[in-house]
Amino acid sequence: MDQIALDVAHLFAGGLVLVSFMLLYQDRMSGLVNTFALHAMVVSLSVAWQAYIQEAPHLYITASIALLVKAIVIPMALHRIIVGLGIHRTIEPVVGIGQTMLAGIGLVALAIMVMLPITAEAGTLAREDLAFALSVVLLGLLMMISRRNAVSQVIGFMSIENGLILAATGAKGMPLVVEISVAFSILVALIVIGVFLFRIRERFETVDIHELHEHRGEQP
Amino acid sequence: MSGHGSYFVAAVLIIPAVSAALLALLPDDRTTARLNVLATFATFACAATLFVERPASGRYLIVDDLNVVFIVLSTFVGFTTSVFSGSYIAHELETGRLTPTYLRFYHAMYQTLMFGMNLALLSNNVGLMWVAIELATLTTVLMVGIYRTPAALEAAWKYFLLGSVGIALALFGTILVYLAAHATLGEGLDAMAWSALVENAAAFDPALLNLSFVFLLLGYGTKVGLVPLHAWLPDAHAEGPTPISAVLSGLLLNVALFAVLRFKTIMSANPAALAPGPLMVSLGLLSVVFASLMLYRRQDIKRMFAYSSIEHMGIITFAFGMGGPLANFAGLLHMALHSLTKSAIFFCVGHIAQVKRTQRMAEIRGLTVSHPALGWSLGLGVVAIAGLPPMGLFMTEFLIVTTTFSRAPVLAIILGLALLVALGALLLRLNGLAFGDPDGRSEPSKASFLPVGLHLALVLAAGVWLPPALVSWFQYVASLLN
């Protein structure tokens, strides 16, 4: 495989990690949603590039699903939800942005230290891609635990999903990638946004998870 | 290999899928409950024929000696739960907790859940199995939140978040397994097929396998409810409809454990890879100890039995982690008996919560006086789940503790103590629930005792006399797990 092709693939994967960091420091809902749209766009470019260099046309389907559903439809829906609920206000993180970013850097270092020695035999492409993908997954987990708001947790989860798609397409010739990405995107997106947020809205006039905790019957 | 077997395998998947669509369309609530029972019974009947006639494994589906046990158990409990669900749901409609629209949704989701679980058990492909487990998880999330009370929504949300994180970790592990395999098996479907993976596991890169197993154990372990990944489980059991608690405890936890077992087999087939046993033993033991202590402070009856499920999944994981013919045999049997017992208990608890209109244990007293049939069935169920003779779970727990004692005495002592602690908590609670003067509100129960009686009779029979044919069958399956 020629060097330029590899470099471009790494550029996109590295870009995805960078956008994951950008998700961590957003302090307004609309900014968060726009950054997520960027995240999805980068992942779709990355998948399309993989489809091109691996000569695997079915991956273009995954790329276009990522572009259509996650970079266009879901962000638009989220914007409508945010306007409808009147929650453009500042996101309240559980810990400070600074600490979150530091923890994020630590997680990326961890991902690279774990993956690079192990995947020495797996080929250059898969190798760096997996390290980047694990970083994106860990950063998404970090975002899910460091935010209280239901919408930001959903976005954190969808960024994890993008990381997994990056890993799956990086593993050359993996079967069922398209099916997996379809199952993941459509089910999760529809169910989460369609059902949960509207139900939560109906009952509490808010989507802040912390208010839910007050209704718990019993501490575990 | 004859062609009939493959028709039955297809039927096990197609019947739930078609009835899910039908039940979503039919408006009448009387017929839908019956259709639900009929569909689950037909699925069970088709699954039972797989014992006799087994089709050749294909690229996507496989029936082998291990999963046939899980499938038959799963479809059987699915059938009895649908019988229970019929009488439970009728009461919920009368009291107005569920509307007919939600009922349609509920039945359609029930069949979708059955489809997801059967597909996960039958799949010969790690990716397909992952998709099926995700489908099953998402349907249960929707069912847990079906009452739309704040507590139910919180439980569903928590389950959704933790469950999807687990599912995401499991997918990462699955991708790593593919990477480990594709150097040997080449690109394409073979490198994700079980049959091929197990045969060639010795040639895989051990470092990649190790890393993948850590992700898979944590990912699917979240779905099994292993401590410290269990936080979703008590809430999801307590707030959803009781038939769903029964299916969750009795079946979905098993399906997730089945996935862990499959990957454990791959790990064991590679001599250079990390031994999976110690990891499973420690997670299992931690779950048993933690859950048995947590049993004491519970106030909600469904929440208490949810913790008891964590305890038992811990015991089973521990047994499979110890390995060896005896521990595997006991673990497998314990899993089957736990499914039967725990779902029977949830059937009783569902009716109790309906007649008493509460789930708080402080407000439920003297059941054997006010509702003798319900009270005594619950008592029998609790005796079984606590591991007292003559019920079957006594035998399996005894086997697990004794075989551990001969190999790692310290672990056996910890396990034995934790089991005693759990026994104390359960009997203490049972005393309050079943005996004494009845008080609080109480309505006559219109319970169907067929499922409860059937399950408890099977568990009792297993404790008193196991047919030799069944014993040798379980022993044979246990030997495959080594």
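Not measured: the values here are computed from a predicted model. (Residues numbered from 1 in each chain as written. Chains lettered and ligands numbered in written order. Predicted model: local features only at pLDDT ≥ 70, side-chain atom pairs only at ≥ 80, totals over all residues.)

**Student:** Tell me about the overall build of chain B, and please be specific about residues and values.
**Tutor:** In terms of helices and strands, chain B carries 19 helices and zero strands. Scaling as 2.2 N^0.38, a compact globule of 482 residues should have a C-alpha radius of gyration of about 23 Å, and chain B matches this with 21 Å. For chain B, the residues scored as buried account for 60% of the 482 residues in total. Restricting the contact set of chain B to residue pairs at least 6 apart, pairs at least 24 apart contribute 81%. (Helix = DSSP H or I, 4+ residues; strand = E, 2+ residues; numbered from the N terminus. Rg over C-alpha atoms; globule rule 2.2 N^0.38 Å. Buried ≥ 20, exposed ≤ 12 C-beta atoms within 10 Å, placed from the backbone. Contact = placed C-beta atoms within 7 Å.)

**Student:** Lay out the overall build of chain A in plain terms, naming residues and giving numbers.
**Tutor:** Assigned secondary structure in chain A consists of eight helices and zero strands. Seen in sequence order, chain A has helices and strands lined up from the N terminus as α-α-α-α-α-α-α-α. Looking at chain A as a whole, 45% of its 220 residues are labelled buried. Counting contacts in chain A only where the partners sit at least 6 residues apart, residues at least 24 apart contribute 73% of the total.

**Student:** Please provide a residue-by-residue account of unusual backbone geometry, values included.
**Tutor:** Residue Pro-228 of chain B is bonded to the preceding Val-227 of chain B through a cis peptide linkage, with omega at 5°. Within the element layout of this structure, Pro-228 of chain B appears in the loop between α8 (206–224) and α9 (232–239). At the junction of Pro-389 of chain B and Pro-390 of chain B, the peptide bond is cis and its omega measures out at 5° in the coordinates. Looking at the secondary structure, you find Pro-390 of chain B in the loop between α15 (372–385) and α16 (392–407). For Glu-55 of chain A, which is not a glycine, the phi torsion comes out positive at approximately 50°. Tracing the chain through its elements places Glu-55 of chain A in the loop between α2 (29–54) and α3 (58–85). With a phi angle near 55°, Arg-357 of chain B is a residue other than glycine that sits in the positive phi range. A count of 12 C-beta atoms within 10 Å places Arg-357 of chain B in the exposed class.

**Student:** An account of helix α13 (residues 324–356) of chain B is requested, with residue identities and associated values reported.
**Tutor:** All names here are of chain B. An ideal rise of 1.5 Å per residue puts 48 Å on 33 residues; α13 measures up with 46 Å between its terminal C-alpha atoms. In terms of burial, α13 is a largely internal element, 29 of the 33 residues being buried. Count one or two residues on from α13 and you reach Arg-357, which has phi positive near 55°. (Expected span 1.5 Å × (residues − 1).)

**Student:** Which residues make up the packing of helix α5 (residues 126–144) of chain B against helix α6 (residues 150–185) of chain B, and what values go with them?
**Tutor:** Any two packed helices are characterised by the angle at which their axes cross and by the distance between the axes. Residues and elements named next belong to chain B. Closest axis-to-axis distance for the α5/α6 pair is 9 Å, and the angle between their directions is 175°. On the basis of the axis angle, α5 is roughly antiparallel to α6. Within the contact between the two elements, α5 uses Val-126, Gly-127, Trp-130, Glu-134, Thr-137, Val-141 and Val-144 and α6 uses Ala-152, Ala-155, Ala-156, Tyr-159, Phe-160, Gly-163, Ile-167, Ala-170, Leu-171, Thr-174 and Val-177. Among the residues forming the contact of α5 with α6, the class breakdown is 13 nonpolar, four polar and one charged. (Axes fitted to C-alpha atoms, helices over the stretch in contact; angles between N-to-C directions. Parallel < 35°, antiparallel > 145°, perpendicular 65-115°, else oblique. Nonpolar A, V, L, I, M, F, W, Y, C, P; charged D, E, K, R; others polar.)

**Student:** Give me the lowdown on the environment of Leu-458 of chain B, citing residues and values where you can.
**Tutor:** Residues and elements named next belong to chain B. Here Leu-458 is to be found in helix α18 (residues 450–464). Judged by local crowding, Leu-458 falls into the partly exposed class, with 17 C-beta atoms found within 10 Å. For Leu-458 and Asp-437, which are 21 residues apart along the polypeptide, the C-alpha to C-alpha distance reads 31 Å.

**Student:** So, the nonpolar core: which residues are in play, and what are the values?
**Tutor:** Within the largest apolar cluster, 244 residues are counted, with the highest numbers of intra-cluster contacts made by Leu-16 and Leu-164 of chain A together with Phe-172, Ile-175, Val-255, Ala-256 and Val-260 of chain B. By residue number, the principal contributor to this core is α6 of chain B, which donates 24 residues. Discounting residues that sit within four places of it in the chain, Leu-164 of chain A has contacts with Ala-133 and Val-137 of chain A together with Ala-168, Leu-171 and Phe-172 of chain B. (Core = buried A, V, L, I, M, F, W, Y, C linked by C-beta atoms within 7 Å.)

**Student:** Just give me the short version of the packing of helix α3 (residues 65–95) of chain B against helix α4 (residues 100–122) of chain B, but keep the residues and values in it.
**Tutor:** Residues and elements named next belong to chain B. At a minimum axis separation of 10 Å, α3 and α4 run at an interaxial angle of 170°. If you check the angle between α3 and α4, you find them roughly antiparallel. Facing Asn-67, Phe-70, Ile-71, Ser-74, Gly-78, Ile-89 and Leu-93 of α3, the residues of α4 in contact are Leu-103, Met-114, Met-117, Asn-118, Leu-121 and Leu-122.

**Student:** Which residues make up the confidence of the model for chain B, and what are the values?
**Tutor:** Residue and element names in this part refer to chain B. Mean pLDDT over chain B works out to 90, with 99% of the residues at or above the 70 mark. The element-level mean pLDDT for chain B is lowest in helix α19 (residues 468–480), coming to 86, with helix α12 (residues 301–322) highest at 95. Scoring of the predicted complex yields 0.91 for pTM and 0.86 for ipTM. (pLDDT = per-residue confidence, 0-100.)

**Student:** Lay out the environment of Leu-423 of chain B in plain terms, naming residues and giving numbers.
**Tutor:** All names here are of chain B. Mapped onto the elements, Leu-423 comes out in helix α17 (residues 409–434). The sequence separation of Leu-423 and Ile-385 amounts to 38 residues, and the corresponding C-alpha distance is 8.6 Å. Leave out the neighbours within four places in its chain, and Leu-423 touches Ala-386 and Gly-387.

**Student:** Please provide a residue-by-residue account of the confidence of the model for chain A, values included.
**Tutor:** All names here are of chain A. With 78% of its residues at a pLDDT of 70 or more, chain A has an overall mean of 79. Element-level pLDDT for chain A is lowest in helix α8 (residues 209–213), with a mean of 54, against a maximum mean of 92 in α2. For residues 215–220, every residue scores under 50 in pLDDT, and the model assigns this stretch 12 contacts once sequence neighbours within four places are set aside.

**Student:** I'd like a description of the environment of Trp-130 of chain B, backed by residues and values.
**Tutor:** Residues and elements named next belong to chain B. Mapped onto the elements, Trp-130 comes out in helix α5. Distance from Trp-130 to Ser-85, taken between C-alpha atoms, is 28 Å for residues 45 residues apart in sequence. Ignoring sequence-local partners within four residues, the contact set of Trp-130 consists of Ala-170, Leu-171 and Thr-174.

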